[in-house]
Amino acid sequence: MLRSGHELTTCRQADTSLKFPDREDLRATGRHEASDSSRRACSSQLVERGSVTRLILPVLVTLILALTPPAHAEFVRGIYTFSASTYDTIVSLGFNMVVSGPAWETELVKARQLGLKVIPSWYGDDTTAYDLMRSLDTDPMIMAWYPFDEPDIYHYSKEVVRDKIAILRRNNLKKPVYLTVFSPLHYSTYLPSADIFGITPYPIGSNPERINMDIVGRYTRRARILAPDKPLLVCIPAFFQRPWQYRSPDPEELHNIVYQALTGYPDGVIFFIWQVQSMDGEIWNLDQHPDLLEEMGVINSELIELDEVLTKGEPVPDATVSPHTVYQRVSSHRNAQYWIMANPYADPVTATLALPGKVTHARIMFGRRAELGDAPDSRTIAVNLGALGYATVRIEAGR
């Protein structure tokens, strides 16, 4: 994701008692494409906390959200950042993890104070660097090691990636390895080297005439099929960096992208990036985009409320959804069904869900350009989605 030597960014968590797995703890067996106990077991170890989170959004319009998430493993809500100076704002926006440059004592002290998990970028390949990483390997705030960012873009072969990780293990570093891959054509190439697999879909590229807003949902599903047993994190582009991206998503597009990702059953999302420089010298800085910051706060508030659905929800095998052009997922949790959907296109569409039992109650919890429509029978629900519409619908149904 980072181009030619630009700094990475960081995210945050909200409880210093958070526990993350060593590499050996990440092994799981047998899972369904979209959801099953092994993936949830992996994701349940990614982030844990049990405290009241108060989101205070320090932008032009102050947004205060008092939220009380359950005391259990959390869905990862991350962001790439460049400095511990951003951690307070990041925490106020509801993030629980950051990806950063090398985390030194200043960053780790701040992360401990705020309860943020950190994935630091690589410290180097010399003896001094490995000695330092060994001293940090038991630090509870470090979530994983990050030896490569998009090796397919930077032309690192799978052998080079594998060999560096082997050196990491020979140096007795036991934290899981986080690895991002850009192209879905290369997911299977690098997947075996990753303990935590990250994908970096970019719906907005360099050509204004070729915006492929639907690729986030498509690539997330592909990655989940290929990686049924591993924690999967989806990087959400919230920036521009010319010549690779000619603009950033607007708030509505950003929200839709996140909902597309959710339908692929990831274990978390990571927004990219707080600050980065384009080839023409222009600097992207989220501080200058309060509309996106505000939208991130709203998105995180929804993810917190949906946390148990995303991490513990069971698939509903008898549910039938249509049309296939709408990204959709149906999960059951605590005697209710949750229908999450995203229309990635500019044309309006009506999505339908048929359940095995009679629907007794349905309401849209969250959404934009979404409203309940006319259903053909008592076992079916319809939602009218406008351009780039998305929604979460809570449903109660009999048998």
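Residues numbered from 1 in each chain as written. Predicted model: local features only at pLDDT ≥ 70, side-chain atom pairs only at ≥ 80, totals over all residues. Heavy atoms only, no water.

A.B. asks: What am I meant to see in the pairing of strand S17 (residues 327–333) here?
C.D. replies: Look at any regular strand and the pattern is simple: side chains alternate between the two faces of the sheet. Of all 7 residues making up S17, 6 are buried, and the element is well covered by its neighbours. Relative to strand S18 (residues 336–342), S17 runs antiparallel, the two sharing 7 bridges. The residue of S18 that forms the bridge with Ser-332 is Gln-337. The turn linking S17 back onto S18 is made up of 2 residues, and Arg-334 within it adopts a positive phi angle of 50°. (Buried < 20%, exposed > 50% of the residue type's maximum accessible area, 1.4 Å probe, protein only. Helix = DSSP H or I, 4+ residues; strand = E, 2+ residues; numbered from the N terminus. Pairing = 2+ DSSP bridges.)

A.B. asks: I keep staring at the packing of aromatic side chains and nothing clicks. Help me out?
C.D. replies: Aromatic rings considered in pairs are described by the distance between their centres and by the relative angle of their planes. As enumerated under the stated definition, the model contains 14 aromatic pairs in all. Here Phe-240 and Trp-284 contribute two aromatic rings whose centre-to-centre distance is 5.4 Å and whose plane-to-plane angle is 70°, an arrangement assigned as edge-to-face. In this pair, Phe-240 is assigned in the loop between strand S11 (232–237) and helix H8 (251–262) and Trp-284 in strand S14 (residues 283–285), connecting sequence segments 44 residues apart. Just as Phe-240 is buried, Trp-284 falls in that class too. One aromatic cluster is present, built from ring pairs that chain together Tyr-80, Tyr-146, Tyr-178, Phe-182, Tyr-202, Phe-239 and Phe-272. The lysine or arginine in question, Lys-164, covers the ring of Phe-148, its NZ or CZ lying 4.7 Å from the ring centre. (Phe/Tyr/Trp six-rings, centres within 6.5 Å; stacked < 30°, edge-to-face > 60°. Lys NZ or Arg CZ within 6 Å of the ring centre and 35° of its normal.)

A.B. asks: Any chance you could explain the sheet that holds strand S7 (residues 117–120) here in plain terms?
C.D. replies: Strands belonging to one sheet form pairs held by backbone hydrogen bonds; the direction of such a pair is parallel or antiparallel. Ordered in space as S7-S6-S5-S12-S11-S10-S9-S8, the 8 strands form an open sheet in which the pairing is parallel. Of all strands in the sheet, those bounded by a partner on one side alone are S7 and strand S8 (145–149). Adjacent strand axes in the sheet meet at a mean angle of 25°, parallel and antiparallel pairs treated alike. Note: S8 against strand S9 (residues 177–181), 3 bridges, orientation parallel. Opposite Trp-145, over in S9, you have Val-177 as the bridge partner. Strands strand S10 (196–199) and S11 of the sheet are contacted by helix H7 (residues 215–226), whose axis makes an angle of about 165° with S11. On the sheet, H8 packs against S11 and strand S12 (268–272) and is oriented at approximately 165° with respect to S11. (Axes fitted to C-alpha atoms, helices over the stretch in contact; angles between N-to-C directions. Contact = heavy atoms within 4.5 Å.)

A.B. asks: What's the story with helix H3 (residues 105–114) in this structure? I'm lost.
C.D. replies: The periodicity of an α-helix, 3.6 residues per turn, causes residues three or four positions apart to be oriented the same way. Within H3, burial applies to Glu-107, Leu-108, Ala-111 and Leu-114. End-on view of H3: buried residues confined to an arc of 130°, all on one side of the axis. Among the exposed residues of H3, those pointing more than 90 degrees away from its buried face are Thr-106 and Gln-113. The secondary structure elements touched by the buried residues of H3 are helix H2 (87–92), S7 and helix H4 (127–136). (Arc of directions from axis to C-beta.)

A.B. asks: Would you take a moment to explain the packing of H8 against helix H9 (residues 290–305) for this structure?
C.D. replies: Between H8 and H9, the least distance of the axes is 9 Å, while the angle of their chain directions is 30°. When the interaxial angle is binned, H8 and H9 end up roughly parallel. Judged by the sense of rotation from one axis to the other, the crossing of H8 with H9 is right-handed. Seen from H8, the contacting residues are Pro-251, Leu-254, His-255, Val-258, Tyr-259 and Leu-262; seen from H9, they are Asp-291, Leu-292, Glu-295, Met-296, Val-298, Ile-299, Glu-302 and Leu-303. Looking at the contact of H8 with H9 residue by residue, the class counts come to 10 nonpolar, 1 polar and 3 charged. (Parallel < 35°, antiparallel > 145°, perpendicular 65-115°, else oblique. Left-handed = near helix turned anticlockwise from the far one by under 90°. Nonpolar A, V, L, I, M, F, W, Y, C, P; charged D, E, K, R; others polar.)

A.B. asks: Which parts of the structure should I look at to understand empty space enclosed by the protein?
C.D. replies: It is the rolling of a water-molecule-sized probe over the atoms that shows where space remains empty. A full pass over the atoms with the stated rule returns 1 cavity of 30 Å³ or more. Estimated volume of the largest cavity: approximately 30 Å³. Partitioned by chemical class, the residues of the lining of the largest cavity number 6 nonpolar, 1 polar and 1 charged. (1 Å grid on protein atoms, 1.4 Å probe; cavity = no way out; pocket = protein on both sides within 12 Å on 5 of 7 lines; lining within 4 Å. Points joined across faces, edges and corners; volume = space filled by probe spheres on them.)

A.B. asks: Help me understand the nonpolar core in this model?
C.D. replies: Across soluble globular proteins, you tend to see nonpolar side chains buried next to one another. By size, the foremost hydrophobic cluster in this structure holds 94 residues, and its most contacted members are Ile-79, Tyr-80, Trp-145, Tyr-178, Phe-197, Ile-236 and Phe-271. Tallying contributions element by element places H8 first for this core, with 6 residues. The residues contacting Phe-197, other than those within four sequence positions of it, are Leu-179, Val-181, Tyr-187, Leu-191, Ala-223, Pro-231, Leu-232 and Leu-233. In this structure, Met-341, Ile-381, Leu-385 and Ile-395 belong to the second largest nonpolar core, which totals 17 residues. (Core = buried A, V, L, I, M, F, W, Y, C linked by side-chain atoms within 4.5 Å.)

A.B. asks: Can you walk me through unusual backbone geometry in this structure?
C.D. replies: Generally, phi is negative for residues other than glycine and the peptide bonds are trans, each holding for most cases. In this chain, Arg-242 is followed by Pro-243 through a cis amide linkage whose omega measures 10°. Within the fold, Pro-243 resides in the loop between S11 and H8. For the bond running from Ser-322 to Pro-323, omega is -5°, close enough to zero to count as cis. Within the element layout of this structure, Pro-323 appears in the loop between strand S16 (320–322) and S17. Not every positive phi belongs to a glycine, and Glu-150 is a case in point at roughly 50°. Relative to the helices and strands, Glu-150 resides in the loop between S8 and helix H5 (158–170). Glu-150 sits in the buried class, given a relative accessible area of 0%. Within the chain, Asn-335 stands out as a residue other than glycine whose phi angle is a positive 65°.

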